[in-house]
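Notes for the structure review
The primary structure of each chain is shown beneath.
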Amino acid sequence: MEKTVIAVGDSTKLEIIFSTRQYKKTVKKSPRIKTNEGGPEKRVRISTTMTARPDSTYPVINTPYKVDMSQFTEKKVTRKKLEITNVSDEDLEISLVAWAEDYFDVKMPKSVRAGKTVEAEIVIHEDVIDKTFEKSLTFELSDEKHSRFTIPVKRTVRNVRAAGTRAAGGGGK
Amino acid sequence: MNKATKAAILAVATLLIVGSSVAAPRLLIKEESFDFGYAPQNSKVSHVFWLYSIGDDTLKILSVKPG
């Protein structure tokens, strides 16, 4: 949480991080928020359906199903591609629902035709290039169930100095 | 209207005015739930909820406990 004292008319972010571990099927959690408002605590609710075999999901298969953007050498890692393969027999629209806006942008195609593969791209912001983080992005499909998929995006930086130098230099020739 | 009645009315009016002007914090969470859909095991997923202070006094977040 950015701040715990919020002036009248102001707002703050509350980030809920959920570790999927070895959970099976659908898991629901309701973190409780206690304030000086009085009355009962307020809750936010999250739900996740774990996929034991993320390489064989339906109606799409995401490759990779979790994105590792770690950087251990001077070679700059700022963008990664993600393939979305439509394994159903209907064309699907894709809507990006949520992502860690402070850390990366997502270039997401608007649709994927039946049996076809499209590419999405994750691009890390220059100002977090030397940071280690674990975030995610969520997209929704236009199938009957409005299926949602969340792709974890992880970055570990061990060679921070090199990453920072590269970022400052623009990384180009 | 005698003095006692006037005093009583004045007292009640004062209480009502004071009572209605006590500043109170208020929390608004526009999006209260989020569905991640399918997610792989052994990984971390995250979502940001926005908390708004819409009362007329400063809002303090005292604690956030996992549910």
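This text goes with the structure placed above it.
Residues numbered from 1 in each chain as written. Chains lettered and ligands numbered in written order. Predicted model: local features only at pLDDT ≥ 70, side-chain atom pairs only at ≥ 80, totals over all residues. Heavy atoms only, no water.

With that out of the way, let us pick up the nonpolar core. Grouped together as the largest cluster of nonpolar side chains are 25 residues, with contacts concentrated most on Ile84, Ile94, Phe104, Met108, Leu137, Phe139 and Val153 of chain A. Those elements that provide at least two residues to this core are strand 9 (79-86), strand 10 (92-99), strand 11 (104-107), strand 13 (117-124), strand 14 (133-141) and strand 15 (148-155) of chain A. Once you skip the residues sitting within four places of it in the chain, Met108 of chain A turns out to touch Ile84, Ile94, Leu96, Ala120, Leu137 and Phe139 of chain A. Ile6 of chain A together with Phe36, Val45 and Phe49 of chain B belong to the second-largest nonpolar core, a separate cluster that totals 20 residues. (Core = buried A, V, L, I, M, F, W, Y, C linked by side-chain atoms within 4.5 Å. Buried < 20%, exposed > 50% of the residue type's maximum accessible area, 1.4 Å probe, protein only. Helix = DSSP H or I, 4+ residues; strand = E, 2+ residues; numbered from the N terminus. Contact = heavy atoms within 4.5 Å.)

Attention now moves to the packing of aromatic side chains. Residues and elements named next belong to chain A. Under the criterion given, the structure shown has six aromatic pairs over all chains. Ring centres of Tyr103 and Phe133 lie 4.8 Å apart, and the angle between their planes is 55°; this geometry places the pair in the tilted category. On the criterion of sequence distance, the pair formed by Tyr103 in the loop between strand 10 and strand 11 and Phe133 in strand 14 is long-range, its members being 30 residues apart. Aromatic rings pair up to connect Tyr103, Phe104 and Phe133 into one cluster. (Phe/Tyr/Trp six-rings, centres within 6.5 Å; stacked < 30°, edge-to-face > 60°.)

Residues and elements named next belong to chain A. Of the strand pairs in this sheet, strand 10 and strand 12 (residues 111-112) are connected by two bridges, and their pairing is antiparallel. Bridge pairing links Glu93 to Ser111 in strand 12. Pairing geometry for strand 10 and strand 14, over five bridges, is antiparallel. Across the sheet, the residue bridging to Ile94 is Leu141, located in strand 14. (Pairing = 2+ DSSP bridges.)

Once their charged atoms are close, side chains differing in charge can pair, the charge on each being opposite to the other. Residue and element names in this part refer to chain A. Inspection of the entire model under this criterion finds twelve salt bridges over all chains. When the shortest N-O distance is used, the salt bridge between Lys42 and Glu37 registers 3.4 Å. Lys42 sits in the partly exposed class, given a relative accessible area of 28%. When salt bridges that share partners are traced, they join Arg79, Lys107 and Glu121 into one network. (Salt bridge = Lys/Arg side-chain N within 4 Å of Asp/Glu carboxyl O.)

Across the boundary between the two partners, chain B contributes 39 residues, which contact 57 residues of chain A. Here chain B and chain A share an interface that buries about 4,900 Å² over both sides, 55% of which is from carbon and sulfur atoms. Considering only the side of chain B, the residues that lose the most area to chain A are Tyr38, Gln41 and Lys44 of chain B, jointly responsible for 16% of the buried surface there. At the boundary of chain B and chain A, one finds one salt bridge. Elements with a minimum of two residues in the side of chain B that touches chain A: strand 2 (33-40), strand 3 (44-53) and strand 4 (59-65) of chain B. In terms of residue count, the dominant contributor to the side of chain B that touches chain A is strand 3 of chain B (ten residues). (Buried area = accessible area lost by both parts, 1.4 Å probe.)

So, about the environment of Lys154 of chain A. Residues and elements named next belong to chain A. For Lys154, the location among the structural elements is in strand 15. Taking relative accessible area as the criterion, Lys154 reaches 38% and is therefore assigned partly exposed. Residues Lys154 and Glu144, ten residues apart in the sequence, show an inter-C-alpha distance of 31 Å.

What follows is about the sheet that holds strand 3 of chain B. Read across the open sheet, the three strands follow the order 2(A)-3(B)-1(B); overall the sheet is antiparallel. Edge positions in the sheet fall to strand 2 (11-19) of chain A together with strand 1 (27-28) of chain B, since each has one partner strand and no second. Inspection of the sheet shows strand 1 of chain B paired to strand 3 of chain B by two bridges, in the antiparallel sense. Within strand 3 of chain B, the position partnered with Leu28 of chain B by the bridge is Tyr52 of chain B.

That is the geometry; function is a separate question.
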